[in-house]
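Fold and geometry: a report
Okay, here's what each chain looks like letter by letter:
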Amino acid sequence: MIARNWLRCAVLGMLRIQASSIEHEIYCEDAVLDYPQSGERIRGRRKIQESRFLQPNTKRFAVGRILGGGDLWVSEFVLSYDDVPSYSVSIMEFRDGRVAHETQYFVRPIHSVALACPPC
């Protein structure tokens, strides 16, 4: 189900279809979406869809890994807005087969390993 949803998002992005209802069928009506880096919390499937519709950028997905089981799943992917990549992690908590709570984390690429790992 999660892989199918990411595939839908990727295809819709390639077709330049933004924030379609198909992309949001995976969410419960009362779902919560958190973006910890910006402090945003969006409540409700309709509001989640509206927030994504307002993004003017063209987005593309490249899914790396999907891990989990039962009601908790984690996805690693690269999300590019207007060809600028962000490495991303999505944590999805399910209820009755739909996402009840999702938290997404984003980071820009680091161009030097030396910057990421200071000398010991």
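Use the structure listed above.
Sequence order sets the numbering: in each chain, residues are counted from 1 along the sequence as written. pLDDT decides what is reported in this predicted model: residues at 70 or higher carry local features, side-chain atom pairs at 80 or more are listed and counted, and totals for whole chains, interfaces and linings draw on all residues regardless. The side-chain quantities take in all heavy atoms of the structure and omit both hydrogens and water.

**As for the overall build of the chain**
Per the secondary structure count, the chain includes 3 helices and 6 strands. Where helices and strands are cited, they refer to DSSP runs of H or I of at least four residues and of E of at least two residues respectively, numbered from the N terminus. Each helix and strand of the chain, ordered N terminal to C terminal, gives the series α-β-β-α-β-β-β-β-α. Any two residues whose heavy atoms approach within 4.5 Å at even a single point are treated as in contact. Nonlocal contacts in the chain, meaning residues at least 24 apart in sequence, comprise 42% of its contacts between residues at least 6 apart. For the chain, the accessible surface area stands at approximately 7,400 Å², while carbon and sulfur atoms represent 59% of it. Only the protein chains shown count as cover for residues, and all accessible areas are computed by the Shrake-Rupley method using a 1.4 Å probe.

**Some words on the sheet that holds strand E5 (residues 84-95)**
Strand pairing is assigned whenever DSSP identifies at least 2 bridges connecting the two strands. Taken in spatial order, the 6 strands line up as E2-E1-E6-E5-E4-E3 in an open sheet, and their pairing is mixed. The open sheet has two edge strands, strand E2 (40-43) and strand E3 (59-69), and neither has a second partner. The sheet shows a mean angle of 20° between the axes of neighbouring strands, taken without regard to direction. Sitting on the sheet, helix H2 (residues 45-53) is in contact with strand E1 (27-35), E2, E3 and strand E6 (98-107), with an inclination near 50° to E1. Axis definition: a line fitted to C-alpha atoms, limited for helices to the stretch in contact. Angles are taken between N-to-C directions and run from 0 to 180 degrees.

**Here's the deal with the nonpolar core**
In this description, a nonpolar core means a group of buried Ala, Val, Leu, Ile, Met, Phe, Trp, Tyr and Cys residues linked to one another through side-chain atoms lying within 4.5 Å. Categorising residues by exposure relies on relative accessible area from a 1.4 Å probe, with only protein chains included: less than 20% of the type maximum marks a residue as buried, more than 50% marks it as exposed, and the intermediate range marks it as partly exposed. By size, the foremost hydrophobic cluster in this structure holds 12 residues: Ile 26, Tyr 27, Cys 28, Ala 31, Leu 33, Tyr 35, Ile 42, Ile 48, Met 92, Phe 94, Val 99 and Ala 100. Residue assignment for this core shows that the elements contributing at least two residues are E1, E5 and E6. When residues of this core are assigned to their parent elements, the largest contribution, 5 residues, is made by E1. Aside from chain neighbours lying at most four places away, what touches Ala 100 is Cys 28, Asp 30, Ala 31, Val 32, Glu 93, Phe 94 and Arg 95.

**Description of the pattern of salt bridges**
What makes a salt bridge here is a side-chain nitrogen of Lys or Arg within 4 Å of a carboxyl oxygen of Asp or Glu, nothing more. Applying the stated criterion to the full structure yields 5 salt bridges. Measuring nitrogen to oxygen at the nearest pair gives 2.4 Å for the salt bridge that ties Asp 30 to Arg 95. Within this pair, whereas Asp 30 is found in strand E1, its partner Arg 95 is found in strand E5, the two being separated by 65 residues in sequence. Judged by its relative accessible area of 36%, Arg 95 falls in the partly exposed class. For the salt bridge of Lys 47 with Glu 50, the shortest nitrogen-to-oxygen distance reads 3.9 Å. Here Glu 50 and Lys 47 lie together in helix H2, a separation of 3 residues that amounts to about one turn. Accessibility expressed as a relative area gives 39% for Glu 50, which makes it partly exposed.

**Observations concerning unusual backbone geometry**
Notably, Asp 83 is not glycine yet its phi reads approximately 65°, a positive angle. Following the sequence through the fold, Asp 83 ends up in the loop between strand E4 (72-81) and E5. Backbone geometry places Asp 96, a non-glycine residue, at a positive phi of 55°. Along the polypeptide, Asp 96 turns up in the loop between E5 and E6.

**Comments concerning the pairing of E5**
Two elements, E4 and E5, share 10 bridges in a ladder whose sense is antiparallel. Pairing of Tyr 81 across the sheet is with Val 84, part of E5. Hairpin remark: E4 followed by E5, antiparallel, with 2 residues in the connecting loop; positive phi at Asp 82, about 50°. In the sheet, E5 pairs with E6 via 9 bridges, with the strands oriented antiparallel. Paired with Met 92 across the two strands is Glu 102, which belongs to E6. If you look at the hairpin formed by E5 and E6, you'll find 2 residues sitting between the two strands, and Asp 96 has a positive phi there, around 55°.

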